[in-house]
Structures are given as C-alpha cells and as structure tokens.
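Architecture at a glance
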Amino acid sequence: YSSGYYRTERDKGTQYELFYKKMDGMEYRHVTLFRPFGPLMKVKSETVDISRSIINVIVPLAGRTEAFAQFMQNFRDVCIHQDKRVHLTVVYFGQDGLSEVKSILESVARETDFHNYTLVSLNEEFNRGRGLDMGARAWEKGEVLMFFCDVDVYFTAEFLNSCRLNAEPGKKVFYPVVFSLYNPAIVYANQDIPPPVEQQLVHKKDSGFWRDFGFGMTCQYRTDFLTVGGFDLEVKGWGGEDVHLYRKYLHGELMVVRTPVPGLFHLWHEKHCADELTPEQYRMCIQSKAMNEASHSHLGMLVFRDEIEAHLRKQAYRTNSEPVG
C-alpha cells in the first residue's frame, strides 16, 4: 500500500481512494471504496436525574497561594452559590503557605456556611499524581464522582453538569479538552490593563487555544479510578502521570469520552524554565512557554517589532515632510 485519502460526502457516505504500488515500481493499482451511511438507529432514550450527584473536586497544591485565593473565588461563585452539590478536597504539599491556604478555606467556610471540604496535608515534595491519589483515597463515603482539577483552572456550573452527564460508573470516564488562555498582557496589549478574568473567557484564536494534548482535567468515578490502578506513582514531579492514566483507560473496558467543552478554561500563569534543566529539557520548556504565551500572529508582531516601528517612523517622517498647501 502506497498512499490514499478519503472524503465524506455529507448526505451519502465516505469514499476511499487507495493506491497500491506494484513490484516493478511504475504501475499502481487504484482501488475506490464507498461506505454508505446507514439509517439512524435509536439505541435508547432515558431520563437522567443528576439532582443528587455530588462531585468531589480534588486539587493538588504546593505554594501558589494567590492562585488558590482566585480559585476559591471561582469555587465560591460556581460551586457554593450556584451548584451546591460539590465537595472540595485540597491536597497540600509542604509547610510553606499551608497556614495561608487553611485561613483562605476557613474564611470562605465562615462567610458562606460551607463545610464540605477536606484539607489533606503532606509533608513531602510536590507530586501531582500522588496528590490526586491521596485525594481520591481520603473520601470515605464509598462511591463518588471526582473532578481532578488544577488551581489555575476556571470552570462554570454548566461544566459541572457536563461532568455528571459524561461519566458513568463502570461505563464511561470523561476527559474534556480545556481552552488554554494566552498571556493577557499580550492579548490585551492595546489596553491599559487587561479586563477582569470573567471577561477574558472567550474562545477566540488570539485569546487562547484548545489544549488537545492535555489530559490532566478529568471526571471519573472513584471505583473506576481505583479499579484501573490509579496513577503511576513512579512518575516524579510534574507531568506525564495523566497520560499514563488516560492510556490505561483507552486499553481497558470503559468508554473514554474526549471532547472540547465550553465551560473549562486554563488561566495563563508565568512559566519558569529552571537553570538545572538539561539543554534538551530547557529547549522543550521554552517551546512550551512560547506555545502558551500568545498566538502565532501576536508572537510574530513581537518578533518583527523593530521592523514595524521602523515602518511607522518612515510613515510619520513622510507625512511631516509633505509640503503644506
């Protein structure tokens, strides 16, 4: 088989054009296949009641107390005031910033009379997979729907219902695609200050991108997570553990639901590329930093800033040099 392509005719079916190379090298066998659309089959129709479905939002954290304060603002608006069916589990690594996180949680609890939260404190180095694993095991009331979430993720009440509808114990796990926002300082460079976060949540090419290679945010039931074996805790530090878990589900019996969702955003935060990284790791870190910083066209404007400014100076000079009258 040498090459081929397929096209879908909207109301008819899919046509495949395949080209097979023969041994002598100059003759090809051309095969055309057509798979017609079949009639629509109704599989089932049922009413789903999600009124009593609690979600345990699990957030692993180390430091980042300012980001946590902002996260709690979103949590208060969406989960406490609107949804009212959420438990929060924060798994905190280390001592630095722990008292601040405690006081943020306690003040939100006092002001909103919200007590459905658990703070798990681990005196060890940050490991996202271990944090989520501990958060899942800290729940002692049997089955529950879990949302693995990061501190720089913003979500809506509609997202929580997508979570409930797309995960089913023993049947489905949900891996939504997050919309990742670019650096607001670049996106809103023509304004004095970027608009409030709520107004930055738009799906536009210059404001962010669909993070289709990210598998960190996920909704799944506790028993499914424990049955599949949870995270590979050999993965140290940040990154990689989520892909391992996703692959385990892909190779298992459960259906993996993977789709972009409108109500889930990853907020931009500065990325530091550490000095101790190898040259190869550092290059990858910088590439990741560039990808999260701004769109292709906005980065282009920054790269060619000198040319643009030179052009503007020439234009201004020409205008000023033109004779009057």
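Bear in mind that the values here come from a model prediction, so they are computed numbers and not experimental data.

A few points about the sheet that holds strand S2 (residues 13-21)
Ordered by their spatial adjacency, three strands build an open sheet running S1-S2-S3, and the pairing between neighbours is antiparallel. One side of each edge strand has no neighbouring strand; the edge strands of this open sheet are strand S1 (3-9) and strand S3 (28-36). The sheet shows a mean angle of 15° between the axes of neighbouring strands, taken without regard to direction.

Quick notes on the packing of helix H1 (residues 65-83) against helix H2 (residues 98-112)
Running from amino to carboxyl end, H1 crosses H2 at an angle of 25°, the nearest separation of the two axes being 10 Å. Relative to H2, the element H1 is oriented roughly parallel. Considering the relative orientation of H1 and H2, their crossing is right-handed. Between H1, through Thr-65, Phe-68, Ala-69, Met-72, Arg-76, Ile-80 and His-81, and H2, the contact on the second element is made entirely by Glu-100, Val-101, Ile-104, Leu-105, Val-108, Glu-111 and Thr-112. Along the lines of polarity and charge, the residues of the contact of H1 with H2 split into eight nonpolar, three polar and three charged.

Structural notes on the pairing of strand S12 (residues 255-266)
One ladder, built from three bridges, connects strand S8 (residues 153-155) with S12; its direction is antiparallel. Along S12, the bridge assignment pairs Tyr-154 with Phe-265.

Some words on the packing of aromatic side chains
Taken as a whole, this structure holds 19 aromatic pairs when the rule is applied. Three or more aromatic residues joined by ring pairs form one cluster here, namely Phe-68, Phe-71, Phe-75, Phe-114, Phe-147, Phe-155 and Phe-159. Against the face of Trp-139 rests Lys-141, its NZ or CZ located 4.8 Å from the ring centre. Here Arg-258 stacks its cationic end above the ring of Tyr-246, 5.9 Å away from the centre of that ring.

As for unusual backbone geometry
Within the chain, Lys-84 stands out as a residue other than glycine whose phi angle is a positive 65°. For Asp-113, which is not a glycine, the phi torsion comes out positive at approximately 55°. The exposure class assigned to Asp-113 is exposed, which follows from its relative accessible area of 61%.

Quick word on the state of the cysteines
Throughout the structure, instances matching the rule amount to two disulfides. A sulfur-sulfur distance of 2.1 Å marks the disulfide that ties Cys-163 to Cys-219. Where Cys-163 bonds to Cys-219 through sulfur, the torsion about that S-S bond is close to -120°, and the disulfide is left-handed. Placement of Cys-163 in helix H4 (residues 157-166) and of Cys-219 in strand S11 (residues 218-221) is noted, with a sequence separation of 56 residues between them. Look at Cys-163 and you get buried, because its relative accessible area is 0%.

Points about a nonpolar patch on the surface
Together, Met-301, Val-303, Phe-304, Ile-308 and Leu-312 make up a nonpolar patch on the protein surface, roughly 490 Å² of accessible area in all. Those elements that place two or more of their residues in the nonpolar patch are helix H10 (296-303) and helix H11 (305-321). Looking at the secondary structure, you find Ile-308 in helix H11.

Considering H4
Among the residues of H4, those classed as buried are Ala-157, Phe-159, Leu-160, Cys-163 and Arg-164. The arc that holds the buried residues of H4, viewed along the axis, is 160°, so those residues lie on one side.

Topic: the environment of Phe-215
Within the element layout of this structure, Phe-215 appears in the loop between strand S10 (208-211) and S11. Looking at Phe-215, the relative accessible area reads 13%, which means it is buried. For the pair Phe-215 and Ser-162, spaced 53 residues apart in the sequence, the C-alpha separation amounts to 16 Å. Apart from the residues within four sequence positions on either side, Phe-215 is in contact with Tyr-175, Asp-242, Val-243, Tyr-246 and Arg-258.

A closer look at the pairing of S11
Judged by which residues are buried, S11 turns out to be covered on both faces: Thr-218 and Gln-220 on one side and Cys-219 and Tyr-221 on the other are all buried. Sheet analysis places strand S7 (residues 145-148) next to S11, joined by four bridges and oriented antiparallel. The partner of Phe-148 across the bridge, within S11, is Thr-218.

Observations regarding the nonpolar core
Counting 41 residues, the largest nonpolar core has Phe-68, Phe-71, Phe-147, Phe-155 and Phe-159 as its most contacted members. When sequence neighbours within four positions are dropped, the list of residues in contact with Phe-155 reads Phe-71, Asn-74, Val-78, Cys-79, Phe-147, Cys-149, Leu-160, Gly-263 and Leu-264. In terms of nonpolar packing, the next biggest core, distinct from the first, is built from 20 residues, Leu-132, Val-173, Phe-225 and Tyr-246 among them.

Rules used throughout
Residues numbered from 1 in each chain as written. Predicted model: local features only at pLDDT ≥ 70, side-chain atom pairs only at ≥ 80, totals over all residues. Heavy atoms only, no water. Pairing = 2+ DSSP bridges. Helix = DSSP H or I, 4+ residues; strand = E, 2+ residues; numbered from the N terminus. Axes fitted to C-alpha atoms, helices over the stretch in contact; angles between N-to-C directions. Parallel < 35°, antiparallel > 145°, perpendicular 65-115°, else oblique. Left-handed = near helix turned anticlockwise from the far one by under 90°. Contact = heavy atoms within 4.5 Å. Nonpolar A, V, L, I, M, F, W, Y, C, P; charged D, E, K, R; others polar. Phe/Tyr/Trp six-rings, centres within 6.5 Å; stacked < 30°, edge-to-face > 60°. Lys NZ or Arg CZ within 6 Å of the ring centre and 35° of its normal. Buried < 20%, exposed > 50% of the residue type's maximum accessible area, 1.4 Å probe, protein only. Disulfide = S-S within 2.5 Å. Patch = residues over 30% accessible without salt bridge, like charges linked within 9 Å, V, L, I, M, F, W, Y side chains within 5 Å. Areas by Shrake-Rupley, 256 points an atom, 1.4 Å probe, with all protein chains shown as cover. Salt bridge = Lys/Arg side-chain N within 4 Å of Asp/Glu carboxyl O. Arc of directions from axis to C-beta. Core = buried A, V, L, I, M, F, W, Y, C linked by side-chain atoms within 4.5 Å.

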